Amino acid sequence: MDKEGTERSDLVSEDGKNIKSVLCQRCGSKVLCPGMAVFAEIELFLPSMRKKSSLSNTEGSVDGDTLTAHWLVDDMFSFENVGFTKDVGKIKYLICADCEIGPIGWHCLDDKKKFYIALDRVNHE
């Protein structure tokens, strides 16, 4: 996992894009190639990481984190490897397509051009 002290300048280029590949923390599968996403600060709540089967069955209160640092991708075909949960209200959570751990990100069905990947939920290489 990336250390808390990792400088954003090591990850974000001058034009705001990801310098390094974005990888799954669990299996190392490549989620995004360098230069495919833009850094965005937006407050989003993501449930705690777990396997896909338990993500769409959340009832009542949900354990998770409010995260503010994300990679913003405007086209789902920019991803190398990502999966989606079933709809949870108007949200689809993004997961690793290989090991199905997640959520690593968030997508609102109202906005077809915004897919967010949380920096704290992925590795960079």
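Residues numbered from 1 in each chain as written. Predicted model: local features only at pLDDT ≥ 70, side-chain atom pairs only at ≥ 80, totals over all residues. Heavy atoms only, no water.

Trainee: Outline the packing of aromatic side chains, listing residues and values.
Mentor: Here the distance between the centres and the angle between the planes together describe a pair of aromatic rings. Summed over the entire model, instances satisfying the criterion amount to four aromatic pairs. Residues Phe39 and Trp71 carry aromatic rings whose centres are separated by 6.1 Å and whose planes lie at 80° to one another, so their mutual orientation is edge-to-face. Taken together, the positions of Phe39 in strand β3 (residues 38-47) and Trp71 in strand β5 (residues 64-73) put the pair 32 residues apart, joining distant regions of the chain. Among the residues examined, Trp71 registers a relative accessible area of 0% and is labelled buried. Residues Phe79 and Phe115 carry aromatic rings whose centres are separated by 6.1 Å and whose planes lie at 85° to one another, so their mutual orientation is edge-to-face. Taken together, the residues span a long stretch of sequence, with Phe79 in the loop between β5 and β6 (83-84) and Phe115 in strand β10 (residues 115-118) at a distance of 36 residues. Comparing Phe79 with Phe115 shows no difference in burial state: the two are buried. Counting every residue linked through ring pairs, the aromatic cluster contains Phe79, Phe84 and Phe115. (Phe/Tyr/Trp six-rings, centres within 6.5 Å; stacked < 30°, edge-to-face > 60°. Helix = DSSP H or I, 4+ residues; strand = E, 2+ residues; numbered from the N terminus. Buried < 20%, exposed > 50% of the residue type's maximum accessible area, 1.4 Å probe, protein only.)

Trainee: Explain the sheet that holds strand β11 (residues 122-124) residue by residue, including any values.
Mentor: If you walk across this open sheet you meet the three strands as β2-β1-β11, and the pairing is antiparallel. Across the chains shown, the open sheet's two edge strands, defined by having one partner strand only, are β2 (30-32) and β11. Neighbour-to-neighbour, the strand axes of the sheet open up by a mean angle of 45°, direction not taken into account. The sheet contact formed by strand β1 (residues 22-24) and β11 spans three bridges and is antiparallel. Pairing of Cys24 across the sheet is with Val122, part of β11. (Pairing = 2+ DSSP bridges. Axes fitted to C-alpha atoms, helices over the stretch in contact; angles between N-to-C directions.)

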